[in-house]
Amino acid sequence: MSRQQEREAQIYPIVSEAVIHNTKILTNLQNVTASLFGVAAGILGLESYAGFLFYFAFATLVTFLTYVLRIAPESISAGLPLFDTSRFFRRAVDFWIGAVFSGLPGFILTWTLFYGIVRA
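Keep in mind that this is a model prediction, so the values were computed, not measured.

Notes on the nonpolar core
Grouped together as the largest cluster of nonpolar side chains are 11 residues: Ala-34, Phe-37, Ala-41, Phe-54, Tyr-55, Ala-59, Val-62, Val-100, Leu-104, Phe-107 and Trp-111. Looking at this core, the elements that each hand over two or more residues are α2 (16–44), α3 (48–77) and α5 (104–119). Of the residues forming this core, the biggest block, four residues, is contributed by α3. The next biggest cluster of nonpolar side chains, apart from the first, holds eight residues, and it includes Ile-71, Ala-72, Phe-95 and Ala-99.

Given below as structure tokens:
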């Protein structure tokens, strides 16, 4: 760690409780929207790859909108580079990739449920 990074860490420490809270909020948002996307995919009667593409497209959209509306304004004003989430999350993977895959089981569950209800 360079002197500049050490100084930044002392001035702006990462509070683990805040990072945990941010991760919980993001996971809850992804799980709720994944279930809603599952309902939509089931009602639309999407099958196979079309359903998964539907989920990944809209999950990516939700993640991007979360970044644009909540994270980017504060990160950019703090002087961080574009697409840097280190002010709110430990790793960028936690925000960009982890949340998308955490909602996948809920999506599949509601997708198959509503597909079965509509097609029955």
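Describing the side chain of Thr-63
Along the chain, Thr-63 turns up in helix α3. Since its relative accessible area comes to 2%, Thr-63 is described here as buried. For Thr-63, the contacting residues outside a window of four places in its chain are Gln-30, Phe-95, Trp-96 and Val-100.

Quick word on the layout of surface pockets
When its volume is computed, the second largest pocket comes out at roughly 240 Å³. Every residue lining the second largest pocket is listed: His-21, Asn-22, Ile-25, Leu-26, Leu-29, Thr-66, Arg-70, Ile-71, Glu-74, Phe-88, Phe-89 and Phe-95. Where the lining of the second largest pocket is concerned, the elements lending two or more residues are α2 and α3. The dominant element in the lining of the second largest pocket, judged by the number of residues it contributes, is α2, at five residues. Its residues assigned to classes, the lining of the second largest pocket shows seven nonpolar, three polar and two charged.

Cut-off values and rules
- Residues numbered from 1 in each chain as written.
- Predicted model: local features only at pLDDT ≥ 70, side-chain atom pairs only at ≥ 80, totals over all residues.
- Heavy atoms only, no water.
- Core = buried A, V, L, I, M, F, W, Y, C linked by side-chain atoms within 4.5 Å.
- Buried < 20%, exposed > 50% of the residue type's maximum accessible area, 1.4 Å probe, protein only.
- Helix = DSSP H or I, 4+ residues; strand = E, 2+ residues; numbered from the N terminus.
- Contact = heavy atoms within 4.5 Å.
- 1 Å grid on protein atoms, 1.4 Å probe; cavity = no way out; pocket = protein on both sides within 12 Å on 5 of 7 lines; lining within 4 Å.
- Points joined across faces, edges and corners; volume = space filled by probe spheres on them.
- Nonpolar A, V, L, I, M, F, W, Y, C, P; charged D, E, K, R; others polar.

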